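Spelled out from the first residue to the last, the chains are:
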Amino acid sequence: MKYLSTRGDTTPRGFSDILLEGLAPDGGLYLPTHYPKVDDATLTRWRGLSYADLAFEILSLYIDDIPAADLKALVHRTYTREVFGTVAIVPLRRVEDGVQIEALSNGPTLAFKDMAMQLLGNLFEYELARRGEELNILGATSGDTGSAAEYAMRGKRGVRVFMLSPKGRMSAFQQAQMFSLQDANIHNLSIEGVFDDCQDIVKAVSNDLDFKRRWKIGTVNSINWARLLAQVVYYFAGYCQATKTNAERVSFAVPSGNFGNVCAGHVARMMGLPIHRLVVATNENDVLDEFFRTGTYRVRGTAETHETSSPSMDISKASNFERFVFDLLGRDGARTKALFADAIAKEGGFTLTADEFARVAGFGFVSGRSTHADRLATIRDAWQRCGTMIDTHTADGLKVAREHVDAGVPMIVLETALPAKFAETIREALGREPERPAGLEGIEALPKRFTVLPADTDRVKAYIEAHCV
Ligand SMILES: *Cc1c(COP(=O)(O)O)cnc(C)c1O
């Protein structure tokens, strides 16, 4: 399998070539040259597989430059009961007639990002060892992504993580999750500033190409193809659990921000998985809902980006969205470039032609939006009537899912985080504390390992230089 860019660069690259990279050189995102089709007999055979074996089968269709035995060992090391809590890895549970939740958040940081990031940690370690190289991952976080990256990379040979977070602005739980890590290759940098300051420093360091090359700076952001690929697996696993025959279809509802999660659903559907609808659920930051209702994609400014109680969906633009639009436009790289490079830079967005927009329905996408009041009502209803406690992001998913249930088609809502991470809103909705998984009861009291730095790029660079030995 080879990979190309959504903006027209068709230089063929292998999986290992793009694994450690972000954007393609022309500014586009990497996609495989085609989506392998999964036939009926194969899907039937996959029904009997463990999650790790299923992951191996799917990854093998897209990775041909890692020996099969190595890849197999790697996925079996990643998707274990010890790390994800159950043998099923992503078990389904019933909410009400026709609606189920797929648990994707039982990994070490209690959010679905572990599903991909844990694999990425093992892939990075493998590839870096093979090349005899090192990588220093630099990132900014206000919570989920940073902790998932740290838990994936902790103790990995050849990798260091430098994670910037705004001092005093994360929840006590999230701070404890990250700062309690004692691994020598994990560096928590607590920056005296807000999240935007952290992000500006990461950008400034990455734009210093000499520094970047010299100190081998990389990222693990959500546009990484390997992350997206890892997420394709749980759509197949959810489908196999919810159905008995391949004649049945299911719908998935996905709490969405950067469009990475639901884009993996799109890939699964392109491979032939019988998905009826892909329901894109947004919060008050409704860039994506607006697009799927109107055909207009309008990037928001900082002032227009709301801070909500489902913070991991608070986005101003959806960084993976270009991948879907490329497919929607019949893989026309020039048109995709005109929209994402030119129109967004000049006009802050674009509107598809009527013909182009008419094709969206054929890809199964529908959408909806959810507000703070909706989250509270949905969390309360799920707890009191259905007996299940859900987090704020999953509540957005369930709220919008219910607007798109079709008779006879199971609706699967992806659970993207556990309620323990968002205690404040759970208290507001239910008047009680969220359940906390065993082993995490006292993490706020654990010793913390972090360094406070001013919001100053040079000080961060100096820290990196001093700790890359
Ligand atoms: C990252 C995240 C999302 C959004 O996922 P995308 O892939 O960015 O669309 C939703 N919920 C939670 C809890 C997350 O951490």
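Rules used throughout
Residues numbered from 1 in each chain as written. Predicted model: local features only at pLDDT ≥ 70, side-chain atom pairs only at ≥ 80, totals over all residues. Heavy atoms only, no water. Helix = DSSP H or I, 4+ residues; strand = E, 2+ residues; numbered from the N terminus. Rg over C-alpha atoms; globule rule 2.2 N^0.38 Å. Buried < 20%, exposed > 50% of the residue type's maximum accessible area, 1.4 Å probe, protein only. Contact = heavy atoms within 4.5 Å. Lys, Arg positive; Asp, Glu negative; His and termini not counted. Charge placed at Lys NZ, Arg CZ, Asp CG, Glu CD. Axes fitted to C-alpha atoms, helices over the stretch in contact; angles between N-to-C directions. Parallel < 35°, antiparallel > 145°, perpendicular 65-115°, else oblique. Left-handed = near helix turned anticlockwise from the far one by under 90°. Nonpolar A, V, L, I, M, F, W, Y, C, P; charged D, E, K, R; others polar. Core = buried A, V, L, I, M, F, W, Y, C linked by side-chain atoms within 4.5 Å. Near = heavy atom within 4 Å. Polar contact = N/O pair within 3.5 Å; in protein donor to acceptor, adjacent residues only side chain to side chain. Areas by Shrake-Rupley, 256 points an atom, 1.4 Å probe, with all protein chains shown as cover. Salt bridge = Lys/Arg side-chain N within 4 Å of Asp/Glu carboxyl O. Pairing = 2+ DSSP bridges. Expected span 1.5 Å × (residues − 1). Phe/Tyr/Trp six-rings, centres within 6.5 Å; stacked < 30°, edge-to-face > 60°. Lys NZ or Arg CZ within 6 Å of the ring centre and 35° of its normal.

(A) How the structure looks around the overall build of the protein. Counting its secondary structure elements, the protein contains 20 helices and 15 strands. By the compact-globule yardstick of 23 Å for 469 residues, the protein fits well, its C-alpha radius of gyration being 21 Å. In the protein, buried positions account for 58% of the 469 residues. Sequence separation of at least 24 residues holds for 75% of the intrachain contacts in the protein that already meet a minimum separation of 6. With 54 positive and 60 negative side-chain charges, the protein shows a spacing of 1 Å between the two charge centroids.

(B) Geometry of the packing of helix α3 (residues 51-60) against helix α11 (residues 225-242). At a closest axis distance of 9 Å, the pairing of α3 and α11 adopts a crossing angle of 125°. Classified by the angle between their axes, α3 and α11 sit oblique to one another. Between α3 and α11 the crossing geometry is right-handed. Along the contact surface, α3 presents Tyr 51, Leu 54, Ala 55, Ile 58 and Leu 59, while α11 presents Leu 229, Ala 230, Val 232, Val 233, Tyr 234, Phe 236 and Ala 237. Taken together, the residues that form the contact of α3 with α11 break down as 12 nonpolar, no polar and no charged.

(C) How the structure looks around the environment of Leu 61. Tracing the sequence through the fold places Leu 61 in the loop between α3 and α4 (68-78). Once the C-alpha coordinates of Leu 61 and Val 38 are considered, the two residues, 23 residues apart in sequence, prove to be 9.8 Å apart. Ignoring any residue separated from it by four or fewer positions in sequence, one finds Leu 61 in contact with Met 1, Pro 36, Val 38, Trp 46 and Met 271.

(D) A look at the nonpolar core. Membership of the largest hydrophobic core comes to 110 residues, with the highest contact counts inside it found for Tyr 79, Tyr 235, Phe 236, Phe 259 and Phe 321. The contact partners of Phe 236, leaving out residues within four places of it in the chain, are Val 38, Leu 43, Trp 46, Leu 54, Ile 58, Ala 268, Met 271 and Leu 273. Listed in part, the 22 residues of the second largest apolar core include Val 99, Leu 376, Ala 382 and Ala 401.

(E) Broad picture of the site of the ligand. Of all residues adjacent to the ligand, which total 15 residues, the nearest are Lys 113, Asp 144, Gly 257, Asn 258 and Asn 261. The contact in question runs from an oxygen atom of the ligand to an N or O atom on the backbone of Asn 258, over 2.7 Å. A distance of 2.9 Å is found between an oxygen atom of the ligand and a backbone nitrogen or oxygen belonging to Asn 261. Protein contact buries 96% of the 380 Å² of open area that the ligand shows by itself.

(F) Structural context of the pattern of salt bridges. Considering all chains together, one arrives at 32 salt bridges under this definition. Close ionic contact of Asp 406 with Arg 277 constitutes a salt bridge, the shortest N to O distance being 3.4 Å. Of this pair, Asp 406 sits in the loop between α18 (392-401) and β14 (411-415) while Arg 277 sits in strand β10 (residues 275-282), placing them 129 residues apart in sequence. Residue classification places Asp 406 among the partly exposed residues on the basis of a relative accessible area of 26%. Here the salt bridges share partners, and the residues they tie into one network are Asp 286, Glu 290, Arg 298, Arg 300, Glu 304 and Arg 369.

(G) Region of interest: the side chain of Thr 282. Looking at where Thr 282 falls in the secondary structure, it is placed in strand β10. For Thr 282, a relative accessible area of 1% corresponds to the buried category. Setting aside chain neighbours within four positions, we find Thr 282 in contact with Ser 256, Leu 288, Asp 289, Met 313, Gly 368, Arg 369 and Ser 370.

(H) Quick peek at the sheet that holds strand β13 (residues 365-369). Across the sheet, which stays open at both edges, the six strands sit in the order β3-β4-β14-β9-β10-β13 with mixed pairing between neighbours. Edge strands, defined here as strands with exactly one partner in the open sheet, are β3 (92-96) and β13. Each adjacent strand pair in this sheet contributes to an overall mean axis angle of 25°, direction not counted. Where β3 meets strand β4 (residues 99-103), four bridges bridge the pair, whose relative direction is antiparallel. Bridged to Leu 92 within β4 is Glu 102.

(I) Expanded view of helix α17 (residues 372-384). Here α17 spans 18 Å end to end across 13 residues, near enough to the 18 Å set by a 1.5 Å rise per residue. Within α17, the full set of buried residues consists of Arg 375, Leu 376, Thr 378, Ile 379 and Ala 382. Taken together, the buried residues of α17 touch α18 and α19 (423-430).

(J) Representation of the side chain of Gln 174. By the element assignment, Gln 174 lies in helix α8 (residues 172-179). When its relative accessible area of 9% is taken as the criterion, Gln 174 is described as buried. Ignoring sequence-local partners within four residues, the contact set of Gln 174 consists of Ser 142, Gly 143, Asp 144 and Lys 421.

(K) Quick look at the packing of aromatic side chains. Across all of its chains, the model carries 29 aromatic pairs by this definition. Centre to centre, the rings of Tyr 51 and Tyr 79 are 5.0 Å apart; their planes meet at 65°, and the pair counts as edge-to-face. With Tyr 51 in helix α3 and Tyr 79 in the loop between α4 and α5 (81-84), this residue pair connects regions lying 28 residues apart in the sequence. A relative accessible area of 5% places Tyr 51 in the buried class. Ring-pair connections join several aromatic residues into one group, and the members of that group are Phe 259, Phe 291, Phe 292, Tyr 297, Phe 321, Phe 324, Phe 340, Phe 350, Phe 357, Phe 363 and Phe 365. Over the ring of Phe 211 we find Lys 461; its NZ or CZ atom is 5.5 Å from the centre of that ring.

(L) Spotlight on the sheet that holds strand β5 (residues 135-140). Taking strand neighbours across the sheet as the criterion, the five strands line up as β8-β5-β6-β7-β15 in an open arrangement whose pairing is parallel. Edge strands, defined here as strands with exactly one partner in the open sheet, are β8 (217-218) and β15 (451-454). Summarising the sheet, strand β6 (residues 159-166) and strand β7 (residues 186-192) pair through six bridges and their orientation is parallel. Bridge pairing links Ser 165 to Ser 190 in β7. Where helix α9 (residues 195-207) meets the sheet, it contacts β5, β6 and β7, and its direction lies at approximately 145° from that of β5.

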